[in-house]
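# An overview of the molecular structure
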Amino acid sequence: EGQQVLTRLMKWGDVLVENFRPGVMERLGFCYEQVKAINPRLIVVSISGFGQTGPYAQRAAFDYVCQAMGGVMSLTGDPDGPPILSGGILTDMIGGLYATIGALAALQGRERTGSGQFVEASLYEGVLVTITNSLARYARGMPPKRGKLPIAPVGTFLTSDGVYIFIMAHDNSHFPHVARLMGRPELPKDPEYKDRAARNRHVDELNKMLEDWVRVHTIAEVEKAMDEGGVPYGRVQSVEDILACPHLKERKAIVRLDHGRERALPLLAPHPRLRGTPSAIYTVAPHLGEHTYQVCHDILGYSDEEIQDMRKQKVVK
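Residues numbered from 1 in each chain as written. Predicted model: local features only at pLDDT ≥ 70, side-chain atom pairs only at ≥ 80, totals over all residues. Heavy atoms only, no water.

As a further point, take the sheet that holds strand 4 (residues 154-158). Spatially, three strands are ordered 4-5-6 in an open sheet, and the strand pairing comes out antiparallel. Edge positions in the open sheet fall to strand 4 and strand 6 (233-235), since each of these has one partner strand only. Taken over all neighbouring pairs, the strand axes of this sheet differ in orientation by 20 degrees on average, direction set aside. Two elements, strand 4 and strand 5 (residues 164-168), share five bridges in a ladder whose sense is antiparallel. (Pairing = 2+ DSSP bridges. Helix = DSSP H or I, 4+ residues; strand = E, 2+ residues; numbered from the N terminus. Axes fitted to C-alpha atoms, helices over the stretch in contact; angles between N-to-C directions.)

Before going further, it helps to spend a moment on the sheet that holds strand 3 (residues 118-122). Strands sit in the order 1-2-3 across an open sheet of three strands; the sheet is parallel. Across the chains shown, the open sheet's two edge strands, defined by having one partner strand only, are strand 1 (15-18) and strand 3. The mean angle between the axes of side-by-side strands here comes to 15 degrees, regardless of whether they run parallel or antiparallel. With five bridges joining them, strand 2 (residues 43-48) and strand 3 adopt parallel strand pairing.

Okay, unusual backbone geometry next. In this chain, Ala-152 is followed by Pro-153 through a cis amide linkage whose omega measures -10 degrees. One can find Pro-153 in the loop between helix 7 (132-139) and strand 4. Its identity is not glycine, yet Lys-252 carries a phi of approximately 55 degrees, on the positive side. Relative to the assigned elements, Lys-252 resides in the loop between helix 13 (246-250) and strand 7 (254-257). Judged by its relative accessible area of 61%, Lys-252 falls in the exposed class. Positive phi, close to 60 degrees, is recorded for Lys-314, a residue that is not glycine. Within the element layout of this structure, Lys-314 appears in the segment after helix 15 (304-312). Exposure remark for Lys-314: the relative accessible area of 75% places this residue in the exposed category. (Buried < 20%, exposed > 50% of the residue type's maximum accessible area, 1.4 Å probe, protein only.)

By the definition in use, this model includes eight salt bridges. As a salt-bridge pair, Arg-184 and Glu-186 come within 2.6 Å of each other at their nearest N and O atoms. A network of salt bridges, in which partner residues are shared, links Lys-208, Glu-211, Asp-212 and Arg-215. (Salt bridge = Lys/Arg side-chain N within 4 Å of Asp/Glu carboxyl O.)

With that settled, consider the side chain of Ser-46. Assignment of secondary structure puts Ser-46 in strand 2. Residue contacts for Ser-46: discarding those within four places in its chain leaves Glu-18, Gln-52, Phe-118, Val-119, Glu-120 and Ala-121. (Contact = heavy atoms within 4.5 Å.)

Contact geometry of helix 14 (residues 292-299) with helix 15 gives a least axis separation of 10 Å together with a crossing angle of 140 degrees. Considering their axes alone, helix 14 and helix 15 lie oblique with respect to each other. Handedness of the crossing formed by helix 14 with helix 15: right-handed. From helix 14, Thr-292, Tyr-293, Cys-296 and His-297 reach across to helix 15, where they touch Asp-304, Ile-307, Met-310 and Arg-311. Considering only residue class, the contact of helix 14 with helix 15 consists of four nonpolar, two polar and two charged. (Parallel < 35°, antiparallel > 145°, perpendicular 65-115°, else oblique. Left-handed = near helix turned anticlockwise from the far one by under 90°. Nonpolar A, V, L, I, M, F, W, Y, C, P; charged D, E, K, R; others polar.)

Next up on the list: the packing of aromatic side chains. Applying the stated criterion across every chain, the model contains three aromatic pairs. Ring geometry for Tyr-32 versus Phe-118: centroids 5.8 Å apart, planes at 70 degrees, classification edge-to-face. Of this pair, Tyr-32 sits in helix 3 (residues 32-38) while Phe-118 sits in strand 3, placing them 86 residues apart in sequence. Assessed through its relative accessible area of 18%, Tyr-32 is described here as buried. Ring geometry for Phe-50 against Tyr-124: centres 5.5 Å apart, planes inclined by 70 degrees, an arrangement best described as edge-to-face. With a gap of 74 residues between them, Phe-50 in the loop between strand 2 and helix 4 (63-69) and Tyr-124 in helix 6 (residues 123-127) connect regions that are remote in the sequence. Chaining the aromatic ring pairs together yields one cluster made of Phe-50, Tyr-56 and Tyr-124. Arg-8 extends its terminal NZ or CZ atom over the ring of Tyr-302, reaching a point 3.8 Å from the ring centre. For Arg-59, the ring lying beneath its charged end belongs to Tyr-56, and the centroid distance is 4.0 Å. (Phe/Tyr/Trp six-rings, centres within 6.5 Å; stacked < 30°, edge-to-face > 60°. Lys NZ or Arg CZ within 6 Å of the ring centre and 35° of its normal.)

Remember that the coordinates give geometry; whether it matters functionally is a separate question.
Laid out in structure tokens, this is it:
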């Protein structure tokens, strides 16, 4: 009976998303060829840890597992310490974004061909996009080192009032300004420091100069100085800082929705923003079975009696 409900949904829908291990949909009776026979216009999007083929295809996977295998952990942490996880959820989010891109591309393809297709997204392969610079550097004979960027002056520095700030002053358009701040205005004309490639041979030295300058200035002074020179920078913000960020508040980038508990839930507003067809968040994630009646009755045409019977038989929630 559950297969019959899903079959009706497949006839009605545009995109089917599943994140089982490879082979599960086949065991349920819905391999892609079977789905295609039900609705040749349906797009099937599969999100798995390691893809549909290959020696790792049947492995279980979570975000952190793919961070480890995808090189993120090997590049995160102190150079003298163990590899560590990123503080954010990377591979789940990137995998979902690539699945979305694939679905949108397939919908465009269907406009041209009239046919749906199978879209495959892998958490493992998706996260590799975050280390493309490291792959390129390795190919050029520069193996990446954990916790140490090979460009300067770039890094996280502590101000006199105890705030960490990240500064990127490695570009030729930014370095002269920072050199003046550090009391070394002659450096941009020195062959040893005149361009990015030359400065990259003095990473520790230049970062120490900038560290010493930042250390004796407040966060307000450092930010003002960076703004004056157009130097890219940003405070190291906590979750609490982000929720209080005036920029995000003005742009209404974080919204709060009541979800039946004592505090409203902060959620990210839809992004990217479409000016012609703006979107908004109207509800939090549904409870399991919350919309069973609407789906089965309003979309699929089941009667009230049929829905009640399916619920008794535990075909639907």
